[in-house]
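Here is what each chain is made of, one letter per residue.
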Amino acid sequence: MVIVMKPGCQDSEISEVSKALESLGLGVHISRGMERTIIGVIGDKRLLNDIPIELMPGVEKTVPIVESYKLASKTFKPEPSIIDVKGVKIGGKELVIMAGPCAIESREQIFEAAMAVKKSGAQFLRGGAFKPRTSPYAFQGLEEEGLKLLKEAKEAAGLLAISEVTSERAVEIADLYVDMFQIGARNVQNFQLLREVGRSMKPVLLKRGPSTTIDEWLNAAEYIMNEGNYNVVLCERGIRTFETATRNTLDISAVPVIKNSSHLPIIVDPSHAAGKSQYILSLSKAAIAAGSDGLIIEVHPNPRCALSDAAQQITPGDFDILCRDISRIAEIVGREFTHGG
Ligand code: PEP
Ligand code: MN
């Protein structure tokens, strides 16, 4: 439930309502909008039966949250959230681009990728160290060794680092090396893992599963937020459909649908959606035009030799063209992105 305060209500009225809620053991989340302040109530709203909240000074009305997810909903917090990762703001005016190889393979590879993506304007270096592969015989990632290289490379290039965590042990290890955790598509409903990253306060990029509805995806975000970590960014990466021309089908409509249902930022991963390098540029442009807050793109110094996802990784040269085009589209849709950093 949320409590909508009257326009121009006093700060003292907001704090009286907050105090009344807290005295019942309920949590309070205050969103100050341009016109109104909205107080989100966290906890069992039946506890409110005994106090006439709607009669308190400054209160306009109470509104139930009808969605199954609460903290992630736009009713709970109408203003868009901006997730600040060490000064890089995701969900603000500036677009955020995360780029780098599918997997960290060697020192040379990750350093070369880091320098190249930084030069084109990316703010984050991506690279998998715990790789969830369809086949157990495929390259599984360098694990902690890889994360050490990722950290060295991102520091040398002046970037932030993001990497996927696949287990509680991976969370503990990755915590030492990355600035943001990635929950992969296959783990979007691994509730134990979601709770684990929820207990850490580190920002989380939550990918949509290949067969996850938007409602299920936002409930997955709710698991993380319910542990106290509100630093969640969503990532649309394609869903499974009858179409086989691409690896997955990029659900571009997820971008406006999320903007309509949630305050959380959303970025798009065209690489795992398309599965083919020749489509990455078009899908990236479409994502930004549709209102995405950024992109996560697989870039490899030599895609043909990549140990995973070789067909979808793009070269640093193509990534540079992509960043240039994105900076132009950003202007048209009222966003900012500086090609060349
Ligand atoms: C990845 O980004 O490395 C990855 C495995 O993506 P997804 O979880 O979307 O398949
Ligand atoms: Mn990949």
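Not measured: the values here are computed from a predicted model. (Residues numbered from 1 in each chain as written. Chains lettered and ligands numbered in written order. Predicted model: local features only at pLDDT ≥ 70, side-chain atom pairs only at ≥ 80, totals over all residues. Heavy atoms only, no water.)

1. Notes on the coordination of the manganese ion (ligand 2)
Right, on to step 1. Each protein donor to the manganese ion (ligand 2) is listed here as Cys 102 (SG), His 272 (NE2), Glu 298 (OE) and Asp 309 (OD); together their distances run 2.0 to 2.4 Å.
Right, on to step 2. Within one chain, the residues serving as donors to the manganese ion (ligand 2) are arranged as C-x169-H-x25-E-x10-D. Placement of His 272 in helix 8 (residues 270-274) and of Glu 298 in strand 14 (residues 294-298) is noted, with a sequence separation of 26 residues between them.
Right, on to step 3. Residue class for His 272 comes out buried when judged on its relative accessible area of 9%. (Donors = N, O, S within 2.8 Å, 3.2 Å for Na, K, Ca; no water. Helix = DSSP H or I, 4+ residues; strand = E, 2+ residues; numbered from the N terminus. Buried < 20%, exposed > 50% of the residue type's maximum accessible area, 1.4 Å probe, protein only.)

2. Here we look at helix 3 (residues 143-157)
Right, on to step 1. Taking 1.5 Å of rise per residue, the 15 residues of helix 3 would be expected to cover 21 Å, and the 21 Å separating its terminal C-alpha atoms lies within 8% of that figure.
Right, on to step 2. Those residues of helix 3 that sit buried are Gly 146, Leu 147, Leu 149, Leu 150, Ala 153, Lys 154 and Ala 157. Projected onto a plane normal to the axis of helix 3, the buried residues spread over an arc of 160° and lie on a single side.
Right, on to step 3. Once helix 3 finishes, Gly 158 follows within two positions and takes phi at roughly 80°, a positive value. (Expected span 1.5 Å × (residues − 1). Arc of directions from axis to C-beta.)

3. Details of the pattern of salt bridges
Right, on to step 1. According to the stated counting rule, one finds 26 salt bridges in the structure shown.
Right, on to step 2. With its nearest N and O atoms 3.4 Å apart, the salt bridge here joins Glu 298 to Arg 126. Taken together, the positions of Glu 298 in strand 14 and Arg 126 in strand 8 (residues 124-126) put the pair 172 residues apart, joining distant regions of the chain.
Right, on to step 3. By relative accessible area, Arg 126 is classed as buried at 3%.
Right, on to step 4. The closest approach of N and O atoms between Arg 208 and Asp 251, which form a salt bridge, is 2.8 Å. Of this pair, Arg 208 sits in the loop between strand 11 (204-207) and helix 6 (214-226) while Asp 251 sits in the loop between strand 12 (232-236) and helix 7 (254-261), placing them 43 residues apart in sequence. Across the pair, exposure class does not vary: Arg 208 and Asp 251 are buried alike. (Salt bridge = Lys/Arg side-chain N within 4 Å of Asp/Glu carboxyl O.)

4. Describing the packing of aromatic side chains
Right, on to step 1. Across all of its chains, the model carries 1 aromatic pair by this definition.
Right, on to step 2. Over the ring of Phe 181 we find Lys 202, and its NZ or CZ is 5.6 Å from the ring centre. (Phe/Tyr/Trp six-rings, centres within 6.5 Å; stacked < 30°, edge-to-face > 60°. Lys NZ or Arg CZ within 6 Å of the ring centre and 35° of its normal.)

5. Side note on the side chain of Asp 325
Right, on to step 1. Mapped onto the elements of the fold, Asp 325 is located in helix 10 (residues 316-332).
Right, on to step 2. Filtering out sequence-adjacent residues up to four positions away, Asp 325 remains in contact with Leu 281 and Lys 285. (Contact = heavy atoms within 4.5 Å.)

6. Let's talk about the site of ligand 1
Right, on to step 1. Around ligand 1, a shell composed of Arg 126, Lys 131, Glu 164, Gln 182, Gly 184, Ala 185, Arg 186, Lys 207, Arg 237 and His 272 is seen.
Right, on to step 2. With respect to ligand 1, the side chain of His 272 contributes an N or O atom lying 3.5 Å from an oxygen atom.
Right, on to step 3. Coverage of ligand 1 by the protein chains reaches 97% of its 290 Å² of free accessible surface.
Right, on to step 4. Its residues assigned to classes, the shell around ligand 1 shows 1 nonpolar, 3 polar and 6 charged. (Near = heavy atom within 4 Å. Polar contact = N/O pair within 3.5 Å; in protein donor to acceptor, adjacent residues only side chain to side chain. Areas by Shrake-Rupley, 256 points an atom, 1.4 Å probe, with all protein chains shown as cover. Nonpolar A, V, L, I, M, F, W, Y, C, P; charged D, E, K, R; others polar.)

7. Let's talk about the layout of surface pockets
Right, on to step 1. Reported here for the largest pocket is a volume of approximately 210 Å³.
Right, on to step 2. As for the largest pocket, its lining consists of 17 residues, of which Lys 131, Pro 132, Arg 186, His 272 and Asp 309 are closest to the centre.
Right, on to step 3. Tallied by class, the residues present in the lining of the largest pocket amount to 3 nonpolar, 4 polar and 10 charged. (1 Å grid on protein atoms, 1.4 Å probe; cavity = no way out; pocket = protein on both sides within 12 Å on 5 of 7 lines; lining within 4 Å. Points joined across faces, edges and corners; volume = space filled by probe spheres on them.)

8. Here's the deal with the packing of helix 2 (residues 107-120) against helix 3
Right, on to step 1. In the contact formed by helix 2 and helix 3, the axes pass within 9 Å of each other and the chain directions differ by 30°. As helix 2 runs across helix 3, the sense of the crossing is right-handed. Of the residues in helix 3, those in contact with Arg 107, Ile 110, Phe 111, Ala 114, Met 115 and Lys 118 of helix 2 are Leu 149, Leu 150, Glu 152, Ala 153, Ala 156 and Ala 157. (Axes fitted to C-alpha atoms, helices over the stretch in contact; angles between N-to-C directions. Left-handed = near helix turned anticlockwise from the far one by under 90°.)

9. Description of unusual backbone geometry
Right, on to step 1. Phi at Glu 143 is positive, roughly 50°, even though this residue is not glycine.
Right, on to step 2. Here Glu 143 is to be found in helix 3.
Right, on to step 3. A positive phi angle is found at Asp 309, which is not glycine, with a value near 50°.
Right, on to step 4. Following the sequence through the fold, Asp 309 ends up in the loop between strand 14 and helix 10.

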